[in-house]
Amino acid sequence: MAADKQPPSDADEFFKGFFAQNPVFVQVLGTCPTLAVTNSAVNAVAMGLATTFVLVASNVVVSAIRSFVPKQVRIVSYILVISTFVTVVDYLIQAISLDLYKALGAFIALIVVNCIILGRAEAFASKNNVKRSLLDGAGMGVGFTIALLCLGTVREIVGKGSLFGIPLFGSDYQGWVIMILPAGGFFTLAAWLMFFNWRAQRRARLAAAATQPAGTAPEVAR
Amino acid sequence: MSTPFPMPAQTPVWHLYRTLVGIGVFCAVAIVAAFDFTKAPIQRNKVAARKQAVYVVLPAAKEVGTFRRGADGRYMQVSDDTEGDGLVLGGFDAEHKLVGLAIEVAGSGYGSDLRVLYAYSFAQQAIVGMTVLQSSETPGLGDAVDSHPGYKKNFEQLDVALSADRQTLAHPIEFTKQGQKKHAWQIDGITGATITTRSIAQMVAKSAAAVVPGLAASSADFVLAPPRNQ
């Protein structure tokens, strides 16, 4: 019954972005920075944190102003808010480390057009209160960071033989250069997407088996 | 005559103005506040990066001094955190002997501002190194200027010898398309990054033509001052 349907708890709102609705591995959004900056784990974490900051801040502001933004100008309003926080992040990264700023290059400015951020503003923050929007932004940001880190660690370990710049296999290790080139990003993303799809199918299969009446053979998806 | 479904109320136009102007003011305040808050640390980082870049373009340098041309036309050492145009960075070896000079130039690339540091050697009468200080050019294309070994090789022995009257360069620096370089004063571009490579070549060419004759006449000015007592 519709009346029995409870809104998700605050914890569910926060954790849904980690894996169940991971913006990269489940929604397949924001793949441009995902492929481009994940040639090292440090770049992945930096881009993830920068995007998380923009997601949280823009979700909070969009939610706070949602009641007095006419629908005719809502998209331009959201983009203004998002681009402001991207500019703030741009200055902050320059203040923290110019090397990091140089490594991330044009992708800091391109956070403005990351569809995860406008997507959460339009689909969630513009319809929910500030608290839930904050939790949603933080959860999606952490999920995005996890996804970038998944790619960044694999690519750096295989491509350079190091993790966060620390050599793992000694000086004799010859890295697979292709893994730190753009093609390596596609290979690694494909491998992770295969893993997440396999995991989702396996969970669905187990859930279906659990609901089968005793004595009937469960239909196994292959 | 009434319609079966009432039309939704139209939003007054001044509501749209009010919303956009209000959000614009909020955004402007946030951006300027962030700019003001981060200005000092960004400047510190830029000075440190500029100094590090001198060691990249002049590998024999162990010390760096910042110089600026005074009203009398002579170069004088100034504080390392000095900003503005016309700065020349001197690279000195362990005995404080001048190794070469590094000059910063700025301009526009394909889609972003570019800042480049190039090194000039008095002994070789040539540009002997170049590194990119700032660039947000297209990833995979324009940003190759800082990593493409062929392009950087252009700047390892780029001829900027002076003409007989020592007032101009004997051969102005020229840009050529990839693979068409024939002379030591030419810079080969990179296919796929033509605009960015040409921009850097033009920036360096313009700067070298304006600065190198003056530097050649002022080599005695570049003396590293002893550190000041605290």
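Residues numbered from 1 in each chain as written. Chains lettered and ligands numbered in written order. Predicted model: local features only at pLDDT ≥ 70, side-chain atom pairs only at ≥ 80, totals over all residues. Heavy atoms only, no water.

## Some details on the pattern of salt bridges
And then number 1: Evaluated as defined, the whole model comprises eleven salt bridges over all chains.
And then number 2: Between Asp10(A) and Lys131(A) there is a salt bridge, with the nearest N and O atoms lying 2.6 Å from each other. Within this pair, whereas Asp10(A) is found in helix α1 (residues 10-15), its partner Lys131(A) is found in helix α7 (residues 130-160), the two being separated by 121 residues in sequence.
And then number 3: Taking the shortest distance from any N to any O, the salt bridge between Lys153(B) and Glu156(B) comes out at 4.0 Å.
And then number 4: Within this structure, Asp10(A), Glu13(A), Lys16(A), Arg120(A), Lys131(A), Arg132(A) and Asp136(A) form a network of salt bridges that share partners. (Salt bridge = Lys/Arg side-chain N within 4 Å of Asp/Glu carboxyl O. Helix = DSSP H or I, 4+ residues; strand = E, 2+ residues; numbered from the N terminus.)

## Considerations on the side chain of Glu13(A)
Residue and element names in this part refer to chain A.
And then number 1: Considering the arrangement of structural elements, one finds Glu13 in helix α1.
And then number 2: Among the polar contacts listed, one links the side chain of Glu13 to the side chain of Arg132, at a separation of 2.7 Å.
And then number 3: Residues within four places of Glu13 in sequence aside, it is in contact with Pro8, Phe124, Arg132, Leu135 and Asp136. (Polar contact = N/O pair within 3.5 Å; in protein donor to acceptor, adjacent residues only side chain to side chain. Contact = heavy atoms within 4.5 Å.)

## With respect to a nonpolar patch on the surface
And then number 1: On the surface, a cluster of nonpolar side chains totalling about 270 Å² of accessible area is made up of Val42(A), Phe164(A) and Ile166(A).
And then number 2: Relative to the helices and strands, Phe164(A) is located in the loop between β1 (162-163) and β2 (166-167). (Patch = residues over 30% accessible without salt bridge, like charges linked within 9 Å, V, L, I, M, F, W, Y side chains within 5 Å. Areas by Shrake-Rupley, 256 points an atom, 1.4 Å probe, with all protein chains shown as cover.)

## Some thoughts on the pairing of strand β6 (residues 126-134) of chain B
All names here are of chain B.
And then number 1: Across the nine residues that make up β6, a large majority, eight, are buried.
And then number 2: Here strand β5 (residues 113-121) runs beside β6; their pairing, made up of seven bridges, is antiparallel. Following the sheet pairing, Ser121 is matched in β6 by Ala126.
And then number 3: Taken together, β5 and the strand that follows it, β6, pair antiparallel across an intervening segment of four residues, in which Gln125 is found at a positive phi of about 50°.
And then number 4: Bridging between β6 and strand β7 (residues 158-159) involves two bridges; their strand directions are antiparallel. Among the inter-strand pairings, Ala126 is bridged to a residue of β7, identified as Asp159. (Buried < 20%, exposed > 50% of the residue type's maximum accessible area, 1.4 Å probe, protein only. Pairing = 2+ DSSP bridges.)

## What about the confidence of the model for chain B?
And then number 1: Overall, the predicted model of chain B reaches an average pLDDT of 86, with 93% of residues at or above 70.
And then number 2: Looking at the elements of chain B, mean pLDDT is at its lowest for helix α2 (residues 149-153) of chain B, recorded as 82, and at its highest for helix α1 (residues 13-57) of chain B, recorded as 93. (pLDDT = per-residue confidence, 0-100.)

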